[in-house]
Amino acid sequence: MLRTSLNPTRTRRSAILLLLAALALIIPFTARAEKKKKANAASPAVVEGPRKFPFDPKKLAWPSPPNVARIKWLDYFAGSKIDYSAQTTKPKASWMDRLAGGQTDQEKASTKNFPFQLIGPYGIAVDSKGLVYTADQKVGAVFIFNPETHDTEMIRNGYEAHFGWINGVAIDDDDRLFVSDGKARRILIFSPKHELEGQIAEGLVDPVGLAIDTTNRLLYVVDTQQDQVVVYDADSHKLLRRIGTAGKNHFLTTPGDFGAPQGVAVDSDGNVYVTDTLNNRVEIFDADGNFISTFGKAGDGPGYFARPKGIAVDSDGHIWVADEMQDRLQIFNREGQLLTFIGQGHGELPGQFKALVGVAVDSKNNRVYTAEQYPGRLQMFRYVTDTEAAAEKAKHEEDQQKGSQHHQKAAPASPAKPDTTAAEKPAAPAPATPSAPPNQ
């Protein structure tokens, strides 16, 4: 039988060495953790919040001074309100949750109260209370913003409605909401309480832009695939007529026809304005659907079009056109003369656009709203009417005149020049007489 003898002294020495080695490994990590903990306690917590800009965007105006401003930047909307203060303190999870990799009850999100954000807004409309509606194609919901408080309501796919691919929105004088759904080939109609009360599907293939003539009680629907504007009775929902020739695969360029139209608007006289997107122009029709005129041509500068989409008409009859490829919002008169524009290049700063597709005018409050796809936001502008601009110009000229008069009164009188008499003046030299020729 073999016996192994162990030296107690050697065993004790080995245990002490192992203990010292373990302490040498643990102490640096403990010190580092304490240092990190003190640093975190000393440094102030960074509170996230809404995006801030390195300048005051509310000073932006178009055209630039010294011209009288006709458009002023006001605000933007990106989605439901987010409680940023709640994000600064993360709830402590139990050791079982940490071990299982699970979430606490506070961390588990609910789709019913989740703060949805805009991803792909398209059409815009404003109701009688000033609330702003936009159809978000990618979220599959209609966002409803209060521009004063930023409070947000939603009509969501799978909850309050069933959407496929929503595009345009329009609101009548009773605050009924019309939503175009291109995938489902229909128009959904909601009550003022946002309850579904009907739909229109007759004659539609790809409904996009919407507009309502509240005076003549007409609903205009742009059907992009059919190259037509389909006209319905806004109350009975009966199909009345069509504008444009269908079945030509977007190739028609004749006046009164379309190539993949997108947007539609109606003025106070019942005239209809349509963005003929592939033909890079705006076409104008009367309330009976008769062609009146057209303006615009392809180009890459102000006054030209490169895929115009959204369109709106303000209280002065000016035509606002959202150009997607140029990311430029242009304002024209009825004759197609460019009055002013917003947007230089592409960007996400206030007054810039990225994939600008929608525009709407709130004539009651003189506000203009735009929709962009890539940043997923609405921008709000203040429109200065012709009357307001004329008054501002007159006041500016009056102030200039008063300032000029005050400057003339405050200027010191110039010293009088001395009156020199003829006697004091030196006599003029006598003209030189030619010398007599020498005697010869």
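Residues numbered from 1 in each chain as written. Predicted model: local features only at pLDDT ≥ 70, side-chain atom pairs only at ≥ 80, totals over all residues. Heavy atoms only, no water.

Undergrad: I'd like to hear about the sheet that holds strand 18 (residues 291-295), residue by residue, with values.
TA: One open sheet holds the four strands; their spatial order is 15-16-17-18, and the pairing between them is antiparallel. Each edge of the open sheet carries a strand with a single partner, namely strand 15 (264-266) and strand 18. Sheet twist, expressed as the average angle between the axes of neighbouring strands with direction ignored, equals 20°. (Pairing = 2+ DSSP bridges. Helix = DSSP H or I, 4+ residues; strand = E, 2+ residues; numbered from the N terminus. Axes fitted to C-alpha atoms, helices over the stretch in contact; angles between N-to-C directions.)

Undergrad: Mind laying out the packing of aromatic side chains, listing which residues take part and the relevant values?
TA: Counted by the stated rule, this structure contains eleven aromatic pairs. A ring pair is formed by Trp320 and Tyr383, whose centres lie 5.7 Å apart and whose planes are at 85°; its orientation type is edge-to-face. Placement of Trp320 in strand 20 (residues 319-323) and of Tyr383 in strand 25 (residues 377-383) is noted, with a sequence separation of 63 residues between them. Judged on exposure class, the residue Trp320 and its partner Tyr383 are both buried. Among the aromatic residues, ring-to-ring pairing joins Trp62, Phe353 and Phe381 into one connected group. Here the basic side chain of Arg156 rests over the ring of Tyr159, its NZ or CZ set 4.4 Å away from the ring centre. It is Arg328 that lies over the ring of Phe341; its NZ or CZ is 5.5 Å from the centre. (Phe/Tyr/Trp six-rings, centres within 6.5 Å; stacked < 30°, edge-to-face > 60°. Buried < 20%, exposed > 50% of the residue type's maximum accessible area, 1.4 Å probe, protein only. Lys NZ or Arg CZ within 6 Å of the ring centre and 35° of its normal.)

Undergrad: Would you mind going over the environment of Leu219 in detail, with residue names and values included?
TA: Counting through the fold element by element, Leu219 comes out in strand 12 (residues 218-223). Of the residues examined, Leu219 reaches a relative accessible area of 0% and is grouped as buried. Excluding residues within four positions of it along the chain, Leu219 makes contact with Phe178, Ile200, Ala211, Ile212, Val230, Val231, Tyr232 and Ala234. (Contact = heavy atoms within 4.5 Å.)

Undergrad: Before we move on, can you summarise the side chain of Gln262 with the specific residues and values?
TA: Among the structural elements, Gln262 can be located in the loop between strand 14 (239-243) and strand 15. Judged by its relative accessible area of 13%, Gln262 is buried. At 2.6 Å, the side chain of Gln262 and the side chain of Tyr122 are in polar contact. Once residues lying within four places of it in the same chain are set aside, the contact partners of Gln262 are Tyr122, Val208, Gly209, Val222, Thr224, Thr275, Thr277 and Lys309. (Polar contact = N/O pair within 3.5 Å; in protein donor to acceptor, adjacent residues only side chain to side chain.)

Undergrad: Give me the lowdown on the pattern of salt bridges, citing residues and values where you can.
TA: According to the stated counting rule, one finds 17 salt bridges in the structure shown. A network of salt bridges, in which partner residues are shared, links Asp172, Asp173, Arg176, Glu197, Arg217 and Asp235. (Salt bridge = Lys/Arg side-chain N within 4 Å of Asp/Glu carboxyl O.)

Undergrad: Could you give an account of the sheet that holds strand 14, naming the residues involved and the relevant values?
TA: In spatial order, the strands read 11-12-13-14; together these four strands make up an open sheet with antiparallel pairing. Only two strands of the sheet have a single neighbouring strand rather than two, namely strand 11 (207-213) and strand 14. Geometrically, the sheet is characterised by an average inter-axis angle of 20° between neighbouring strands, direction not taken into account. For strand 12 and strand 13 (residues 228-233), the ladder comprises six bridges, and the chain directions are antiparallel. Across the sheet, residue Val221 finds its bridge partner in strand 13, namely Val230.

Undergrad: Please provide a residue-by-residue account of unusual backbone geometry, values included.
TA: Cis peptide bonds are those with omega within 30 degrees of zero, and the linkage from Trp62 to Pro63 qualifies with -10°. Looking along the chain, the bond that leaves Pro65 and enters Pro66 is cis, with omega of 10°. Positionally, Pro66 belongs in the loop between strand 1 (61-62) and strand 2 (71-77). One non-glycine residue with positive phi stands out, namely Arg217, at about 60°.

Undergrad: Pulling in residues and values, what's your account of the UniProt feature "repeat: NHL" (unreviewed entry) in the protein?
TA: Here, UniProt's "repeat: NHL" (unreviewed entry) annotation points to residues 117-148, 250-288 and 292-335. Secondary structure across residues 117-148 divides into 0% helix and 50% strand, with the first and last C-alpha atoms of the span separated by 18 Å. Counting secondary structure, residues 250-288 comes out at 0% helix and 33% strand; the distance between its end C-alpha atoms is 23 Å. (UniProt positions renumbered as here; feature names shortened; annotations may be inferred.)

Undergrad: Pulling in residues and values, what's your account of the pairing of strand 5 (residues 141-145)?
TA: A large share of strand 5 lies buried, amounting to five of its five residues. Side chains Ala141, Phe143 and Phe145 project from strand 5 onto one buried face, and the interleaved Val142 and Ile144 project onto a second face that is buried too. By the bridge criterion, five bridges tie strand 4 (residues 132-136) to strand 5 in an arrangement that is antiparallel. Across the sheet, Ala135 pairs through a bridge with Val142, a residue of strand 5. The turn joining strand 4 and strand 5, which pair antiparallel and follow one another in sequence, is formed by four residues; a positive phi near 75° is taken by Gly140. Looking at chain direction, strand 5 and strand 6 (residues 152-156) are connected through five bridges and run antiparallel. Paired with Ala141 across the strands is Arg156, a residue of strand 6.

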